[in-house]
Structures are given as structure tokens and as C-alpha cells.
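# Architecture at a glance
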Amino acid sequence: MGIRLLSLGGPKGFKYYPAARYPGPSELDVGHGSYAGCRYYKARKSMKPWSEAKTLLLIRILLGAAALVLLIQTLHRAFRPDGYDFTPRLLAAKALVEGTNPYQIATPFPLTYPLFICVILIPLAWMPYALANILWFGVNAASLWFSIRYLVKSYDPKTTESEFLKLFALGCLLFLNIVQNNFANGQVNLPMIAMSVLFFKFLMEKKPHWAGFFLAAAISLKLTPLILDRKSTRLNSSHITIS
């Protein structure tokens, strides 16, 4: 065991050993010598290795910071004089409730989507404008997270949560321009993709009615998923009926 001889006036902060038990200098020593018949040394403090937990924490912080920046950018665009892509959809939802034609609203961004988007936005139409935009931002974020998570887990069910988090962050970084465009403009692409993923989920689980429901919902948000219509003739009549 080390013996401290501070009362004898030896160098402070060093461990002292009887000469016979001195472990000897090494490349980790930052100082060694002898004093009052004893050898002393002071070992360099070893640095703790970077842990997986710290990596995941850093990724979460970066994702949170990126989400905050995107939210600020989204609200900035939302409060422009002419608003942004989400603004006319919200106004169209109010017009639908008031009994007027949602497609005849005077706005720089006329509504070009089926009326289903107006129906699902009716709850947001009654909220304060800022709150409605924040909630729509949250819907987009949840849609993005769910869609990527389900696809990754479907490809490799053994993917751990930490591995998925890294893949998610990497994917958002590689496709930052696309992700930013969808969030900052309040578009419907991410919820539409989530609906399409749910369609595939229930199709693989052999639940055609639920699959047809979500395919119909995706098509009602945007006509792009019509390309999935020929996936199953059994689903054809199901989702058309729901539409």
C-alpha cells in the first residue's frame, strides 16, 4: 500500500512506497523519485473510454436541437403574410365547417388535394393558429419516426433501439434537404407515407380490411399511393368502398 509522508515535507500528491515494494516507473508515470528512504510516483489519470450511452445521449441531443431549429423555421414560414403550404389546408378545413367551397379560398396556395385532408384537419382548425402548426409539426415528426422504424424493423427484426437511433440520425442527415422541406412547408407527404406503411403492415399481417382502410386514407391525403392500388385485387373493392 502507498504510504504518504506529507508530514516529512515530501512532494504533495504523490504515493510513497518503501523501496522494496516500489512498483517501478512506467510510461504512465508523470513523476517518480525518492524521498526520506522511500520511492514515490504519481500516475497519470487514465481517461475513461467513450461509452455507448454517451453516444446515444449525444445523438438524442442533436436530434432534439435539429427538431427545435426546424420548428422555429416552420413557425417563421407559417406566420409570413401569405403563410405556407399548410395554411390553405387549415383555411379549407374552416371553410368546410362553415359550408363554403374549400377550393375557392383566395390564397396564393390553392387547395389541390381531396377533401379528406380538410376533414382530418377540422380539430386543428378550431385551435389557435400557432398551436395548430405545432401539432401538425408533431404529426409529421411522429410519421417520420414510425415509418422508418417499422421499415428498419421489418428488414432486420434484431435491430436494437440504439442501432435504430443511429440509422435514423444518419438517414435524416443524408436526406436533410428533403426532411427540412417537408417540415418547413407543412406538407402532407410524411403522414401519407405513414399511412402507406400501415397499409403494408396490415397487408403482411393478412388483415385486408385494415390494409384497405389505410390505403384509402393515404390516397385521400394525396393521390400518389394510387400506384399501390394494383397490389391486391382483394383490397381493391375494400379501399374503394371506404373511400
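Look up: the structure comes first, before these words.
Below is a short write-up of the structure. What you see is a predicted model; the values in this text were computed from it and never measured.

Here we come to the packing of aromatic side chains. Scanning all chains against the criterion turns up 14 aromatic pairs. Where Trp210 meets Phe214, the ring centres are 6.1 Å apart and the plane angle is 25°; that geometry is what we call stacked. Here Phe214 and Trp210 lie together in helix α9 (residues 208-221), a separation of 4 residues that amounts to about one turn. In this structure Phe214 comes out as buried when scored by relative accessible area, which is 13%. Directly above the ring of Phe202 sits Lys201, whose terminal nitrogen or CZ lies 4.7 Å from the centroid.

It is worth spelling out helix α8 (residues 189-204) at this point. In this model α8 runs 23 Å from its N-terminal to its C-terminal C-alpha over 16 residues, within 8% of the 22 Å that 1.5 Å per residue would give. Listing the buried residues of α8 in full gives Asn189, Leu190, Pro191, Met192, Ala194, Ser196, Val197, Leu198, Phe199, Phe202 and Leu203. Looking at the residues trailing α8, positive phi occurs at Lys206, about 60°.

So, on to the nonpolar core. Most often, soluble globular proteins keep nonpolar side chains buried together rather than apart. Ranked by size, the top nonpolar core spans 19 residues in total, and within it Phe86, Leu111, Ile117, Leu121, Leu124 and Trp136 carry the most contacts. Elements with a minimum of two residues in this core: α2 (86-98), α3 (116-120), α4 (122-125), α5 (129-155) and α9. If one sorts the elements of this core by residue count, α2 sits on top with 4 residues. If we skip the residues at most four places from it in the chain, Leu121 touches Phe86, Arg89, Leu90, Ala93 and Trp136. Counting 11 residues, the second-largest nonpolar core is a separate cluster that includes Phe137, Phe168, Cys172 and Leu190.

Following both chains from N to C, one finds helix α1 (residues 52-78) and helix α7 (residues 176-184) inclined at 45°, their axes separated by 9 Å at the closest point. Here α1 lies oblique to α7, going by the angle between them. Judged by the sense of rotation from one axis to the other, the crossing of α1 with α7 is right-handed. Packed against α1, whose contacting residues are Leu70, Gln73, Thr74 and Arg77, the element α7 presents Gln180, Phe183 and Ala184 at the interface. Looking at side-chain class alone, the contact of α1 with α7 contains 3 nonpolar, 3 polar and 1 charged residues.

What counts as what
Residues numbered from 1 in each chain as written. Predicted model: local features only at pLDDT ≥ 70, side-chain atom pairs only at ≥ 80, totals over all residues. Heavy atoms only, no water. Phe/Tyr/Trp six-rings, centres within 6.5 Å; stacked < 30°, edge-to-face > 60°. Helix = DSSP H or I, 4+ residues; strand = E, 2+ residues; numbered from the N terminus. Buried < 20%, exposed > 50% of the residue type's maximum accessible area, 1.4 Å probe, protein only. Lys NZ or Arg CZ within 6 Å of the ring centre and 35° of its normal. Expected span 1.5 Å × (residues − 1). Core = buried A, V, L, I, M, F, W, Y, C linked by side-chain atoms within 4.5 Å. Contact = heavy atoms within 4.5 Å. Axes fitted to C-alpha atoms, helices over the stretch in contact; angles between N-to-C directions. Parallel < 35°, antiparallel > 145°, perpendicular 65-115°, else oblique. Left-handed = near helix turned anticlockwise from the far one by under 90°. Nonpolar A, V, L, I, M, F, W, Y, C, P; charged D, E, K, R; others polar.

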